[in-house]
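Spelled out, the chains give:
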Amino acid sequence: MTDNDIPRLVPDGELTSYPPVERWDDWEEYDAGAWPQRVKNTYRLVPTTCFNCESACGLLAYIDKESGTIRRFEGNPEHPGSRGRNCAKGPATINQVDDPERILYPLKRVGERGSGEWERVSWEDALIDIGSRMGTAIREGRNDEIMYHVGRPGEDGFMDRTLKAWDVDGHNSHTNICSSGARVGYAMWSGYDRPSADFANARFILLLSAHLETGHYFNPHAQRIMEAKQAGAKIATVDPRLSNTASMSDYWLSCWPGTEPAMLLAIARLLLEWDAVDHEFMERWVNWKDSMTHRYPGRPPTYREFIEVLKEEYTQYTPEWATEECGLQEGQIEIVARAVADAGHAFSSHTWRSVGSGNLHGWQGARTLQFLHVLTGSVGTKGGLSPSGWVKFKPQHWNMPPPHSRWNEMLWPKEYPLAHHEMSILLPHFLKEGRGKLDVYFTRVYNPIWTNPDGFTWLEVLKDEDKVGLHVALTPTWSETAWFADYVLPMGVAAERHDTHSYETHAAKWLGFRQPVLRVAAERDGRKIERTYETNPGEVWEETEFWIDLSWKIDPDGSLGIRKWFESPNDPSRPISVDEYYGWMFDNSVPGLPEKAAERGLTPLEYMRRFGAVEIERDVYQVNEHPVEGAEVGEHGIATKGGVPVGISIDGEVVAGFKSPSRKLEWYSQTMDEWGWRDEAIPGYQRTHVYWRGMDLDGTERILVPIFRLPTLIHTRSGNAKYLYEISHGHPLWINANDADELGLVTADMVRIETETGHFVMRAWPTEGIRPGVVAASHHLGRWRLDDEKGNERWSSALVNVEQLDDGQWRLRQLKGIEPFTSDDPDSERIWWRDPGVNQNLAFPVHPDPISGMHAWHQRVRIVKAQPGDRYGDVVVDTTKSHEIYKRWLEMTKAAPGPGGLRRPLWLDRPVKPTPDTYRMT
Ligand code: SF4
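Residues numbered from 1 in each chain as written. Predicted model: local features only at pLDDT ≥ 70, side-chain atom pairs only at ≥ 80, totals over all residues. Heavy atoms only, no water.

*Asks:* Mind laying out the packing of helix α3 (residues 158-166) against helix α20 (residues 543-554), listing which residues take part and the relevant values?
*Replies:* Relative orientation of the contacting elements α3 and α20 amounts to 5 degrees, with a least axis distance of 11 Å. With respect to their mutual orientation, α3 and α20 come out roughly parallel. Only Thr544, Trp547, Ile548, Leu550, Ser551 and Ile554 of α20 make contact with α3, whose side of the interface consists of Phe158, Met159, Thr162 and Trp166. Taken together, the residues of the contact of α3 with α20 break down into seven nonpolar, three polar and no charged. (Axes fitted to C-alpha atoms, helices over the stretch in contact; angles between N-to-C directions. Helix = DSSP H or I, 4+ residues; strand = E, 2+ residues; numbered from the N terminus. Parallel < 35°, antiparallel > 145°, perpendicular 65-115°, else oblique. Contact = heavy atoms within 4.5 Å. Nonpolar A, V, L, I, M, F, W, Y, C, P; charged D, E, K, R; others polar.)

*Asks:* Requested: an account of unusual backbone geometry, with residues and values cited.
*Replies:* The omega angle of the peptide bond from Trp35 to Pro36 is 10 degrees, so this bond is cis rather than trans. By secondary structure assignment, the location of Pro36 is in the loop between β1 (27-30) and β2 (40-49). Omega for the bond connecting Ala896 with Pro897 falls within 30 degrees of zero, at 10 degrees, which places this linkage in the cis form. Relative to the helices and strands, Pro897 resides in the segment after α27 (879-890). Positioned with a positive phi, Asp454 is a non-glycine residue whose angle comes to about 65 degrees. As for its position among the elements, Asp454 is in the loop between α17 (448-451) and α18 (455-463). Judged by its relative accessible area of 1%, Asp454 falls in the buried class. If you check the backbone angles, Asp651 has positive phi at about 50 degrees while not being a glycine. Along the chain, the position of Asp651 falls in the loop between β23 (644-650) and β24 (653-655). (Buried < 20%, exposed > 50% of the residue type's maximum accessible area, 1.4 Å probe, protein only.)

*Asks:* Kindly report on the sheet that holds strand β13 (residues 347-351), identifying the contributing residues and their values.
*Replies:* Pairing between the strands of a sheet is mediated by backbone hydrogen bonds and can be parallel or antiparallel. If you trace the four strands from one edge of the open sheet to the other, you get β12-β11-β10-β13, paired in parallel fashion. Whereas interior strands pair on both sides, the edge strands pair on one side only; in this sheet they are β12 (251-253) and β13. Within this sheet the neighbouring strands show an average axis-to-axis angle of 15 degrees, counted without direction. The pairing of strand β10 (residues 204-208) with strand β11 (residues 234-238) spans four bridges and is classified as parallel. Across the sheet, Leu207 pairs through a bridge with Thr237, a residue of β11. Set on the sheet, helix α13 (residues 332-343) makes contact with β10, β11, β12 and β13; between it and β10 the angle comes to about 130 degrees. (Pairing = 2+ DSSP bridges.)

*Asks:* Any chance you could break down helix α23 (residues 604-611) for me, citing the residues and the numbers?
*Replies:* With seven of eight residues buried, α23 lies mostly within the body of the structure. Every buried residue of α23 is listed here: Pro604, Leu605, Tyr607, Met608, Arg609, Arg610 and Phe611. In this structure, the buried side of α23 is in contact with β2, β19 (508-514), α19 (517-524), α21 (578-588), α22 (593-599) and β20 (613-618). One or two positions beyond α23, positive phi appears at Gly612, with a value near 80 degrees.

*Asks:* Can you tell me about empty space enclosed by the protein, naming the residues and giving the values?
*Replies:* Picture a little ball the size of a water molecule; that probe, rolled over the atoms, points out where space is still empty. Across all of its chains, the model carries eleven cavities of 30 Å³ or more by this definition. Taken as a whole, the largest cavity holds about 390 Å³ of empty space. Gly151, Val445, His715, Thr716 and Arg717 are the residues nearest the centre of the largest cavity, which is lined by 34 residues in total. If you tally residues by element for the lining of the largest cavity, the top one is strand β16 (residues 468-475), at three residues. (1 Å grid on protein atoms, 1.4 Å probe; cavity = no way out; pocket = protein on both sides within 12 Å on 5 of 7 lines; lining within 4 Å. Points joined across faces, edges and corners; volume = space filled by probe spheres on them.)

*Asks:* Could you give an account of the site of the ligand, naming the residues involved and the relevant values?
*Replies:* Neighbouring residues of the ligand: Cys50, Asn52, Cys53, Ser55, Ala56, Cys57, Asn86, Cys87, Lys89, Gly90, Phe218 and Asn219. Counted by class, the shell around the ligand contains six nonpolar, five polar and one charged residues. (Near = heavy atom within 4 Å.)

*Asks:* Break down the pattern of salt bridges for me, with residues and values.
*Replies:* One pass over the full model with this rule turns up 79 salt bridges. Salt-bridge contacts for Asp5 lead to Arg38; the nearest nitrogen and oxygen are separated by 2.2 Å. Linking Asp5 in the segment before β1 with Arg38 in the loop between β1 and β2, this pair joins segments that are 33 residues apart in sequence. Notably, a salt bridge pairs Lys816 with Glu819, separated by 3.3 Å at the nearest N-O pair. The exposure class of Glu819 is partly exposed, given its relative accessible area of 34%. By sharing partners, the salt bridges in this structure join Asp25, Arg44, Arg524, Asp525 and Arg610 into a single network. (Salt bridge = Lys/Arg side-chain N within 4 Å of Asp/Glu carboxyl O.)

*Asks:* Describe the environment of Val391, naming the residues involved and giving the relevant values.
*Replies:* With respect to the helices, strands and loops of the structure, Val391 is situated in the loop between β14 (385-387) and α16 (427-433). In this structure the C-alpha to C-alpha distance between Val391 and Ser502, which are 111 residues apart in sequence, comes to 8.3 Å.

*Asks:* Summarise the packing of aromatic side chains; cite the residues concerned and give the values.
*Replies:* Two descriptors summarise a pair of aromatic rings, namely the distance from one centre to the other and the angle between the planes of the rings. For the structure shown, the criterion picks out 43 aromatic pairs. Between the aromatic rings of Tyr314 and Tyr317, the centroid separation amounts to 6.0 Å while the plane-to-plane angle is 50 degrees, which identifies the pairing as tilted. Centre to centre, the rings of Phe442 and Trp547 are 5.2 Å apart; their planes meet at 75 degrees, and the pair counts as edge-to-face. Separated by 105 residues along the polypeptide, Phe442 in strand β15 (residues 438-444) and Trp547 in helix α20 bring together distant segments of the chain. The same class applies to Phe442 and to Trp547, which are both buried. Ring pairs connect the aromatic residues Trp123, Tyr148, Trp166, Phe442, Tyr533, Trp541, Phe546 and Trp547, which therefore count as one cluster. Directly above the aromatic system of Phe708 lies the positively charged group of Arg241, at a separation of 3.6 Å from the ring centroid. (Phe/Tyr/Trp six-rings, centres within 6.5 Å; stacked < 30°, edge-to-face > 60°. Lys NZ or Arg CZ within 6 Å of the ring centre and 35° of its normal.)

*Asks:* Can you break down the sheet that holds β19 residue by residue, with the values?
*Replies:* An order of β18-β19-β20 is seen for the three strands of this open sheet, with the pairing classed as antiparallel. Strand pairing shows two members of the sheet lacking a second neighbour, β18 (499-501) and β20, which therefore form its edges. Between one strand and the next, the sheet's axes are offset by a mean angle of 10 degrees, whatever the strand orientation. By the bridge criterion, three bridges tie β18 to β19 in an arrangement that is antiparallel. Looking across to β19, one finds that His501 is bridged to Gly512. Across the face of the sheet, α21 comes into contact with β18 and β19 while running at roughly 30 degrees to β18.

*Asks:* So what about the side chain of Asn624? Which residues, and what values?
*Replies:* Looking at the element boundaries, Asn624 is found in the loop between β20 and β21 (632-633). Accessibility expressed as a relative area gives 2% for Asn624, which makes it buried.

*Asks:* Lay out α20 in plain terms, naming residues and giving numbers.
*Replies:* The terminal C-alpha atoms of α20, which comprises twelve residues, lie 16 Å apart, in line with the 16 Å expected from a rise of 1.5 Å per residue. The buried fraction of α20 is high, at eleven of twelve residues. Within α20, the full set of buried residues consists of Glu543, Thr544, Glu545, Phe546, Trp547, Ile548, Asp549, Leu550, Ser551, Trp552 and Ile554. (Expected span 1.5 Å × (residues − 1).)

*Asks:* Please give an account of the pairing of strand β25 (residues 701-705) that cites residues and values.
*Replies:* Buried residues dominate β25, accounting for five of its five residues. Both faces of β25 are covered, namely the face carrying Glu701, Ile703 and Val705 and the face carrying Arg702 and Leu704. Sheet analysis places β25 next to strand β29 (residues 774-776), joined by three bridges and oriented parallel. Within the sheet, the bridge partner assigned to Leu704 lies in β29 and is Val775.

*Asks:* Break down the layout of surface pockets for me, citing the residues and quoting the values.
*Replies:* Reported here for the second largest pocket is a volume of approximately 660 Å³. Around the second largest pocket, the lining comprises 28 residues; the ones closest to its centre are Ile6, Trp27, Glu28, Glu29 and Tyr30. Of all the secondary-structure elements, those providing two or more residues to the lining of the second largest pocket are β1, β2 and β4 (70-75). Split by residue class, the lining of the second largest pocket holds 13 nonpolar, four polar and eleven charged.

*Asks:* Please give an account of the environment of Ile94 that cites residues and values.
*Replies:* Relative to the helices and strands, Ile94 is located in helix α1 (residues 93-98). Ile94 gets classed as buried once you look at its relative accessible area, which sits at 6%. In this structure, the C-alpha to C-alpha distance between Ile94 and Phe73, residues 21 residues apart in sequence, is 6.6 Å. Excluding residues that lie within four positions of it along the chain, Ile94 makes contacts with Ile70, Arg71, Arg72, Phe73 and Tyr723.

Have a look at this one:
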């Protein structure tokens with residue numbers, strides 16, 4: 001052994017996966033690039049959390065002690081959700097840190113909005129300008145003209161706290177282009193809007209999603225699904241496309257898009273017919289008494305009669321009928337139903353995007369899927385499905401302001417009283433109609449011009465300073481939308497900011513901590529750091545510190561009552577620091593953390609900085625049966641504490657139950673009935689807006705599925721990750737080989753895809769991997785920029801021209817694709833990929849489901865060969881038609897007020913809930 005030898009951690013012939021945590025401050029390894037020389041590098045390993053998707057997997061930053069730079073990211077083995085594993089996007093965080101084109105300084109627009117002329121400004125000037133404008137708006141009672149619109153939140157609670165402190169009902173999200181459909185389906189059963197599947201212990205897994213490759217909580221779920229498969233579990237995937245997930249499954253069911261609830265109800269019918277029903281669970285936990293009393297008043301209100309009602313309600317859903325309706329192969333429904341029945345309590349499932357996000361009435365997908373769990377009693381069981389809220393841990397935030405006292409109809413319009421999230425996709429139409437205007441509009445890691453449907457309508461309103469007074473883009477990367485901002489403020493990526501988060505990855509509760517790793521390393525080296533930007537590249541800030549400082553600028557003398565929420569608890573004359581903020585949280589609100597930290601001689605904050613995450617509880621099952629002490633039992637057995645429902649009395653015992661109004665699982669939703677949706681009040685099936693019958697499938701009409709993800713990209717946040725774009729670029733139109741023959745198309749033919757509002761041009765890819773009648777294109781590609789050297793990163797975007805044609809239509813035309821360029825990174829001259837893809841979302845009008853508010857993404861399209869003059873990547877759209885279609889879908893709604901003069905049921909969750917009195921319409 002020489003001085004240059006690194007001792008092995010394990011005996012010769014054995015391998016170990018991760019550096020042990022006790023060596024993280026001083027980790028040595030050979031430089032792989034220097035091989036065959038043995039060159040030793042010494043690292044400090046600091047954990048943080050990936051920011052590239054919602055899974056929040058743990059990362060470990062390898063910080064070179066000599067250069068003080070981050071050399072790479074690997075998985076954090078101490079993270080309970082991801083357990084050291086990542087998808088390709090986790091390690092690609094290093095590209096986002098090192099991107100030679102990243103935004104390093106605050107920029108202010110100097111030319112016309114959208115002209116691409118910027119000047120560098122100081123953070124202080126930007127904060128004063130934005131803060132004073134907001135202060136004036138709040139003083140004048142124009143709080144509703146302030147809006148925060150978030151794409152990827154990546155944090156839990158700090159922004160809620162900030163908006164409450166401002167008394168602004170201005171939280172807007174991306175959720176109604178993402179998951180608000182499925183959320184309504186789940187919430188109407190239990191009050192919880194997402195499931196938490198115990199995949200690892202399941203015997204049968206039913207996925208309405210490409211879940212192994214791209215689903216919600218993708219990597220943490222995928223690794224547990226594969227564990228179950230290795231232990232013998234079977235998997236069925238429902239998807240018109242043969243995704244990677246479908247190809248790894250035991251069964252692939254290629255339904256017509258939007259017919260999935262018919263299939264699920266046929267399975268329910270078979271379970272009832274076979275009596276593969278957990279009656280003990282159903283009788284105890286389903287609201288059968290209320291169902292009988294309110295929906296079938298003439299019939300005996302008994303459980304036995306309820307089961308008869310179920311059989312009658314679903315008698316039409318024979319497997320034969322559903323097979324035909326869904327376009328499945330004979331026998332498939334019976335096979336899946338048998339597998340569900342055999343798995344019993346160990347039946348797990350998930351739906352994400354898919355039916356809930358593609359279709360009018362798509363929320364019934366989650367509602368009917370949950371029905372199978374209710375019938376089999378696989379709710380809260382080992383290997384079954386629990387509500388998300390049982391395992392998602394919400395820490396308390398220091399000095400939490402009370403709920404705000406306003407209701408913003410630009411976000412929560414009366415037409416959509418049951419929408420699960422804000423009607424974000426309709427914002428530009430509301431602005432066009434003059435329902436209101438925005439004085440200060442923050443987009444935060446959000447890119448509606450590219451990501452949302454109807455992007456040209458967004459472009460129109462964002463250019464209009466009478467509609468949007470000041471647009472501030474908080475973003476780590478350029479985006480199509482940031483180009484139309486007044487300020488572009490650079491925010492940190494995963495390794496450059498503080499956040500906490502906890503997600504429903506498995507049957508355990510955990511809390512993760514994202515942190516600026518160079519700041520942590522500097523502090524371990526003894527440097528005193530006041531603010532995260534001191535160690536970030538350029539003048540990149542983190543948002544927690546930004547909101548604290550901005551709040552001080554809104555209310556510099558404290559007279560608005562805002563500043564007090566952001567003052568240091570130790571010295572009110574200065575802003576609270578992140579150490580004080582998160583230190584309080586970890587000291588006071590995370591069960592078990594102080595004890596775990598003390599065992600290691602650390603403070604709770606030091607523990608989180610050292611490990612990056614903490615497990616709070618494992619094996620979380622049957623929380624509905626947890627006893628509740630000291631509650632008062634009132635009408636219908638509902639137990640309350642201080643007037644707040646906390647449980648239900650069953651057989652003389654008070655237990656937690658669920659979060660629905662009845663604290664039971666609601667097969668019949670009295671809420672939906674009372675708000676005008678009687679037919680929809682029980683799990684059912686209504687035909688989608690892309691229903692296959694009646695379409696011109698013998699001609700050129702097809703159903704377009706535009707929402708599938710690629711596992712290697714993440715919306716518009718990965719545009720600066722060269723590793724990822726080298727793997728994934730271009731996205732052809734999947735079309736069944738028979739359809740391609742009928743339409744006279746061969747591979748790489750240019751096709752024009754005609755939507756209700758315009759068309760786009762891409763290339764065809766005939767394949768057997770998609771059902772005939774359906775075409776599909778991933779939504780992940782088609783990035784564009786308006787200037788050759790400014791704006792979106794050149795690893796991923798096309799240079800385009802956007803213009804209005806003589807007939808008033810907008811046209812986006814690619815001038816050139818991706819090309820090598822010169823930068824500080826020599827890899828930029830080695831770019832070999834050329835195809836940026838096509839921004840298809842621009843050509844989709846809004847389709848808000850009248851109940852959930854979810855944008856129904858699927859499109860009825862006509863596929864024709866490209867026309868003379870068409871060019872690859874062209875997108876042509878008529879925004880006048882978009883507005884007409886918005887109005888047409890608006891006619892399907894049933895507006896508030898509902899019972900009691902309410903805007904919305906009080907029990908239904910919504911982000912940043914205001915005071916109850918705001919729910920009453922005046
Ligand atoms: S699944 Fe991939 S992108 Fe998502 S958090 Fe985990 S490593 Fe990051």
